[in-house]
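Observations on the model geometry
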Amino acid sequence: MSKVDVVIGCFYGDEGKGKVIDYLAADADVAVRCTGGDNAGHTIKANGVKYAMHLIPSGLLSGHTIGVIGNGVVLNPQVLLEEINNLKEHGYDVDKYLKISEKTHVIFPYHSKLDVALEKVRKAKKIGTTGKGIGPSYCDKYERSGIRMEDLYAPDFKERLKEQTELKLALLKVYDPETDYTKELDFDKMFAEYSDYAAQLGLEDKAEIDSAITEILITTDEARRQELYTYVLTHLHEDAVYIPLTYECNKAIYRSDMKGFHFTQTQYEVPFQDFSF
C-alpha cells in the first residue's frame, strides 16, 4: 500500500467505492471521508453484524484505523450521533478512532426544506435528490455563508442561526409560496436541538480549549502561559471525538507530526510525550 491511496468514483455513485475502501482500510492507519453527506453510504458486515455507514468512514470498523470526516463533507449531526451510538453499542472505541474537521459544514432542517421545494419547482426536470439537504448545504458552503462544526460552540451561534433561518424562509417563500414554513422551521426548537448535538459531541469543551489558546497568544504572564499549556495538552488527550488532524485557532497550530504546539506569534514550543491519534 502506498503512503496515500485515493478512491474516486466517476459514475455518479453505486460503483463499488465502499468495497474498495474496506479492502484498503484493513492495512491503513487513517481512512478519510472527503466529500458528500448522509444520502450516500453502504452496508458493511463485520463480525456477523451489519452496519449502515452514511457519514463515518467504514475503515473505522477495522478496529485500528482512524476514521476522519473531512471539511469537504456536509454533516447532519443527528445522523452522525445515531451512527456513533450504534458503533459504541457494538464495542467500537469511537471516541478514540473518530476525528471530525472543525471546518465541516452542518446540515440544518431548512436545507432539507429547500431541497424539496427546489425539486418541486423543477417539475419535469427534477434532479432526483434524496431531499436531505445535501445540495443546499453545499450552496451555503460555496456562498461562504454556511454554519460549520466550529460555529456550533461559538458565542454568536444563535445570532448566525437566526440570520440563516430568516434568509432561508425568504427563499422558501419564493420557491413555494403556498406552504407556511414558519411553523415547520421553529427557530427556538432548532437552536435547542443543535445546541444539544454540540454538547453530545463535546464541542463545549472545544470552546474552552480555543479560549485557552487565544489567551496563550496574548498573555504576558509566563506562569499563566505555562498553566494554559498544561490545560490544553491535558484536554486534548481527553477530547477524543473532536480533534481534527490539524487543530487551528487564530495563529496557533497543532499537527500530529509535531512535538508540541507552535505559535507563530511567540515561536514558543512546549514538548509533550506519548501523544498520538
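What this report covers is the structure whose coordinates are included nearby. The structure displayed is predicted, hence computed values, not measured ones.

Thresholds, definitions, all that
- Residues numbered from 1 in each chain as written.
- Predicted model: local features only at pLDDT ≥ 70, side-chain atom pairs only at ≥ 80, totals over all residues.
- Heavy atoms only, no water.
- Helix = DSSP H or I, 4+ residues; strand = E, 2+ residues; numbered from the N terminus.
- Polar contact = N/O pair within 3.5 Å; in protein donor to acceptor, adjacent residues only side chain to side chain.
- Contact = heavy atoms within 4.5 Å.
- Core = buried A, V, L, I, M, F, W, Y, C linked by side-chain atoms within 4.5 Å.
- Buried < 20%, exposed > 50% of the residue type's maximum accessible area, 1.4 Å probe, protein only.
- Axes fitted to C-alpha atoms, helices over the stretch in contact; angles between N-to-C directions.
- Parallel < 35°, antiparallel > 145°, perpendicular 65-115°, else oblique.
- Left-handed = near helix turned anticlockwise from the far one by under 90°.
- Nonpolar A, V, L, I, M, F, W, Y, C, P; charged D, E, K, R; others polar.
- Patch = residues over 30% accessible without salt bridge, like charges linked within 9 Å, V, L, I, M, F, W, Y side chains within 5 Å.
- Areas by Shrake-Rupley, 256 points an atom, 1.4 Å probe, with all protein chains shown as cover.
- Salt bridge = Lys/Arg side-chain N within 4 Å of Asp/Glu carboxyl O.
- Lys, Arg positive; Asp, Glu negative; His and termini not counted.
- Charge placed at Lys NZ, Arg CZ, Asp CG, Glu CD.
- Phe/Tyr/Trp six-rings, centres within 6.5 Å; stacked < 30°, edge-to-face > 60°.
- Pairing = 2+ DSSP bridges.

1. Looking at the side chain of aspartate 151
Note on placement: aspartate 151 falls in the loop between α5 (134-143) and α6 (157-175). Polar contacts involving the side chain of aspartate 151 include one to the side chain of arginine 160, which spans 3.1 Å. Filtering out sequence-adjacent residues up to four positions away, aspartate 151 remains in contact with Gly146, Phe157 and Arg160.

2. Here's the deal with the nonpolar core
Within the largest apolar cluster, 44 residues are counted, with the highest numbers of intra-cluster contacts made by Leu80, Leu87, Leu98, Phe108 and Leu152. Residues in contact with leucine 80, not counting those within four places in the same chain, are Leu55, Ile56, Ile69, Leu75, Leu98, Ile100 and Leu201. Counting residues in hydrophobic clusters, the runner-up holds six residues, among them Ala212, Ile213, Ile216 and Tyr229.

3. As for α5
For α5, the complete set of buried residues consists of Ile134, Pro136, Ser137, Tyr138, Asp140 and Lys141. On its buried face, α5 is in contact with β5 (74-75), β7 (105-106), α4 (109-122) and α6. One or two steps after α5, the chain reaches arginine 144, where phi turns positive at roughly 60°.

4. A closer look at the packing of α4 against α5
The geometry of α4 relative to α5 is characterised by a closest axis approach of 7 Å and an angle of 115° between their N-to-C directions. With respect to α5, the element α4 is oriented roughly perpendicular. Handedness of the crossing formed by α4 with α5: right-handed. Residues Tyr110, His111, Leu114 and Asp115 of α4 pack against Ile134, Pro136, Ser137 and Asp140 of α5. In terms of residue class, the contact of α4 with α5 is made up of four nonpolar, two polar and two charged.

5. Considerations on a negative patch on the surface
Residues Asp156, Glu159, Glu163 and Glu166 make up a contiguous surface patch of negative charge. With respect to the secondary-structure elements, glutamate 163 resides in helix α6.

6. Some thoughts on the packing of aromatic side chains
The way to describe two aromatic rings as a pair is by their centre distance and the angle between their planes. Counted under the stated rule, the structure contains seven aromatic pairs. With 5.8 Å between their ring centres and 85° between their planes, tyrosine 51 and tyrosine 92 make a pair best called edge-to-face. Taken as a pair, tyrosine 51 in strand β3 (residues 49-53) and tyrosine 92 in the loop between α2 (77-89) and α3 (94-97) lie far apart in primary sequence, 41 residues in all. For the pair shown, tyrosine 51 and tyrosine 92 are each scored as buried. Residues phenylalanine 108 and tyrosine 110 carry aromatic rings whose centres are separated by 5.5 Å and whose planes lie at 15° to one another, so their mutual orientation is stacked. The two residues phenylalanine 108 and tyrosine 110 agree in class, both being buried.

7. Some details on the sheet that holds strand β1 (residues 30-33)
On the basis of which strands lie adjacent, the open sheet formed by three strands has the order β1-β4-β6 and parallel pairing. Strands with a single pairing partner mark the edges of an open sheet, and in this sheet they are β1 and β6 (98-100). If you compare each strand with its neighbour and ignore which way they point, the axes differ by 20° on average.

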